[in-house]
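Chain residues, written in single-letter form:
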Amino acid sequence: MVFSIERRKQDIEALKQETLDVLIIGGGITGAGTALQASASGLKTGLVEMQDFAEGTSSRSTKLVHGGLRYLKNFDVEVVADTVQERAVVQGIAPHIPKADPMILPVYDEPGSTFSMFSLKVAMDLYDRLASVTGTKYANYMLTKEEVLKREPQLNSEGLLGAGVYLDYRNNDSRLVIENIKRAAADGGHMVSRVKVVGMLHDEKGKVSGVKAEDLLTGETFEIKARTVLNTTGPWSDTIRQLDGKSEAAPQMRPTKGVHLVVDNKKLYVPQPTYFDTGKNDGRMVFVIPREEKTYFGTTDTDYNGDFAHPTVEQEDVDYLLDIVNTRYPSADITIGDIESSWAGLRPLIMSNGGSDYNGGNSKPIKDASFDKVIATIERYQKGEADRQTVEDVLKNIETGNSESEANPSAISRGSALDIDKDGLITVAGGKLTDYRKMAIGAMKAVIEILQKDFNLSYELIDSAKYPVSGGELNPQEVDEETEKLAQMGVEKGLSESEGLYLAHLYGSNAPKVFALIDEVKQVEGLTLADTISLCYALNEEMTLTPSDFLIRRTNHMLFMRDTLDGVIEPVIAEMARYYDWTEEATTNYRKELETAIAASDLKNLKGDGE
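From a predicted model like this one, the values you see are computed outputs, not experimental measurements.

Thresholds, definitions, all that
Residues numbered from 1 in each chain as written. Predicted model: local features only at pLDDT ≥ 70, side-chain atom pairs only at ≥ 80, totals over all residues. Heavy atoms only, no water. Phe/Tyr/Trp six-rings, centres within 6.5 Å; stacked < 30°, edge-to-face > 60°. Helix = DSSP H or I, 4+ residues; strand = E, 2+ residues; numbered from the N terminus. Lys NZ or Arg CZ within 6 Å of the ring centre and 35° of its normal. Expected span 1.5 Å × (residues − 1). Buried < 20%, exposed > 50% of the residue type's maximum accessible area, 1.4 Å probe, protein only. Arc of directions from axis to C-beta. Contact = heavy atoms within 4.5 Å. Axes fitted to C-alpha atoms, helices over the stretch in contact; angles between N-to-C directions. Parallel < 35°, antiparallel > 145°, perpendicular 65-115°, else oblique. Left-handed = near helix turned anticlockwise from the far one by under 90°. Nonpolar A, V, L, I, M, F, W, Y, C, P; charged D, E, K, R; others polar. Pairing = 2+ DSSP bridges.

Asks: Give me the lowdown on the packing of aromatic side chains, citing residues and values where you can.
Replies: Per the counting criterion, the structure on display carries 13 aromatic pairs. Judged by centre distance (4.1 Å) and plane angle (5°), the ring pair of Y275 and F287 falls under stacked. Note that Y275 is positioned in strand β14 (residues 274-277) and F287 in strand β15 (residues 285-291), a separation of 12 residues in sequence. Considering the side-chain rings of Y304 and F308, the 6.4 Å spacing of their centres and the 35° angle between planes classify their relative orientation as tilted. Aromatic ring contacts, followed pair by pair, group Y579, Y580, W582 and Y590 into a single cluster. Cation over ring: K16 sits above F222, and NZ or CZ is 5.7 Å from the ring centre. Note that R328 overlies the ring of Y108, its terminal NZ or CZ placed 4.1 Å from the centroid.

Below, the structure is given as structure tokens:
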């Protein structure tokens, strides 16, 4: 498959000519996952995204496929069960992207602690059962205070009681999106970035029948006809519904902003992902995560009303995170000058469901009597004095719990909503990255039902739990071994061990295509051989249209390899200008766009001239 700018031209022509079965607005993870299922199920499928794929929310997460252990503080078993089971499915269809990376959770003796040592162990044992890892190498275990400090010497010892270690997964959010998009394109879907919906079309009955769209690369406006239109634009969901003059839907989104900061691991070293209370008795928790040779930490969780396309890191965000991290790691003494890169993203939360995935949201503590009864029942269960049904009955009858316990009647996963407006516009909003495939299933069932009822068209939805994304054709049980074998293919062609392994992890089962480029392309002056073939593959196979697309979302170079970024900027721009035959003006504009993104990531406006 070629998924390049030439394919983009063909897809736009097809969008002008065909009547689609489904047009998806929004190229984040929910839209991408839905496009994969629609295309694989044989529907005539189109997707338009006004930015780059994943440029909005879906490249700005904490970059975990998180199991939600904190929900078990309130014994919200159902949400954790759903999350860990779906996480296993995602790892199966995209085994090169989510990778097992056990999390350490230190416990402190301080007001507002999420867990005590005892309640953490109870929660982790229950979590392991739900995740089906009891008795495996990923089973949880406890650490004493001394063992914790041996593992993380920089961690504050004052008030430290010990820690628990449990299974979690790291993720590459933007790669998960592009691999879904590529698979949808390979199956015949028309996946087009930088096309903005500017209006809705309706038939003589007032039903939505397509959109008016603008190609942001050429300025051309054109119509796209579709039997169903699906809105998966995350924070922009209300904007699209308001664009539809026949929709009477009230606004339902309440976006919150999450910020992450990156420092060199020589400044702050953690051997594995670490998750702890803020220490501020505010019901929130913070992650500190190793990545490449860096350490990043976050996240904040504040209501956001600014420009959805350009959420920014503010001084208050930096102060909040540095205060927490420097309290937990006093010897690190991190200042704003140590921050190498950063990102700010929006969570597409729904007003009626304020619970944040990571930080506790509006979760309410369960009543003491309920808590004590649960603990007592679990203790009896562990001694063999109570059966599983007894435990489940107690859990079902907890008084007051997490805000996400009350599911929206139209939800297809926790915190999500699926709505069909009077004119037929379908909107899927909210939810969590981990649940993207389930949200896509809910959307596709609605689409298929409308196609059958209104157009007498029958489609059978594929089993997406067994349908790998692009690059995902690896054995999930042997992904490390298979990745090592792929890496050796690159080494045999002249790459270093680390380069081969990096590319094998990045591209999964597509790595051989990338390595084959070593024999076909000339090394770009100023780039390594590994960077050259990565860029070439991104241009030919991953619809990489700007330097920012490549350096931020296809490779994460800007975020986790900031110290080598400056040296590759001009070679990347020069090669892309040659490939696309850009004018001098276009080249300058793309350079400025990248410089703006880097300045924001560098926190240039906060650091001032001295940094």
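Structure shown, so let's carry the discussion forward.
Asks: Go over the environment of G283, please, and point to the residues and values.
Replies: Within the secondary structure layout, G283 lies in the loop between β14 and β15. Residues G283 and S113 lie 170 residues apart in sequence; the distance between their C-alpha atoms is 8.0 Å.

Asks: Requested: an account of helix α8 (residues 315-328), with residues and values cited.
Replies: Compared with an ideal rise of 1.5 Å per residue, which puts 14 residues at 20 Å, α8 spans 20 Å between its outermost C-alpha atoms and is within 8% of the ideal. All of the buried residues in α8 are D317, V318, L321, L322, I324, V325 and R328. All buried residues of α8 lie within an arc of 165° about the axis, which places them on one face of the element.

Asks: Account for helix α15 (residues 529-541), naming residues and giving values.
Replies: Because the α-helix completes a turn every 3.6 residues, residues three or four places apart line up on one side. With 13 residues, α15 should cover 18 Å at 1.5 Å per step; its first-to-last C-alpha distance of 18 Å lies within 8% of that length. Buried residues belonging to α15 abut α6 (173-186), α13 (497-507), α14 (511-516), α16 (547-554) and α18 (562-580). Remark: M543 follows α15 within two positions and exhibits a positive phi of approximately 45°.

Asks: Lay out the environment of T19 in plain terms, naming residues and giving numbers.
Replies: For T19, the position within the fold is in strand β1 (residues 19-25). Along the primary structure T19 and V491 are separated by 472 residues, whereas in three dimensions their C-alpha atoms are 47 Å apart. Residues in contact with T19, not counting those within four places in the same chain, are K44, K225, A226 and R227.

Asks: Requested: an account of the packing of α13 against α15, with residues and values cited.
Replies: At a minimum axis distance of 11 Å, the contact between α13 and α15 shows a crossing angle of 20°. Comparing their axes, α15 and α13 come out roughly parallel. Here α13 and α15 pass one another in a crossing that is right-handed. Of α15, the residues touching α13 (which contributes E499, L503 and Y507) are A530, I533, S534 and Y537. For the contact of α13 with α15, the class distribution of residues is 5 nonpolar, 1 polar and 1 charged.

Asks: Please give an account of the sheet that holds strand β3 (residues 64-65) that cites residues and values.
Replies: Here we have 3 strands laid out as an open sheet, ordered β3-β8-β4, and antiparallel in their pairing. For this open sheet the edge positions go to β3 and β4 (99-100), each flanked by a neighbour on one side alone. Looking at chain direction, β4 and strand β8 (residues 169-170) are connected through 2 bridges and run antiparallel. Following the sheet pairing, K99 is matched in β8 by R170.

Asks: An account of the environment of L474 is requested, with residue identities and associated values reported.
Replies: The topology assignment puts L474 in the loop between α11 (436-455) and α12 (479-492). Take L474: its relative accessible area is 11%, and that puts it in the buried class. Leave out the neighbours within four places in its chain, and L474 touches P95, H96, V479, E482, T483, L486, G508 and S509.

Asks: Provide a residue-level description of the side chain of S39, including the pertinent values.
Replies: By secondary structure assignment, the location of S39 is in helix α2 (residues 29-40). Once residues lying within four places of it in the same chain are set aside, the contact partners of S39 are T45, A184, D187 and G189.

Asks: Residues and numbers for the pairing of strand β12 (residues 221-231), please.
Replies: Across 6 bridges, the pairing between β1 and β12 is parallel. The residue bridging L20 from the neighbouring strand is A226, located in β12. Bridge count between strand β11 (residues 208-215) and β12: 5 bridges; the pairing is antiparallel. Directly across from G210, in β12, lies its bridge partner K225. Between β11 and β12, which pair antiparallel and follow one another directly, the connecting turn spans 5 residues, one of which, G219, has a positive phi of 85°. Bridge count between β12 and strand β20 (residues 426-430): 2 bridges; the pairing is parallel. Its bridge partner lying in β20, L230 is registered against I426.

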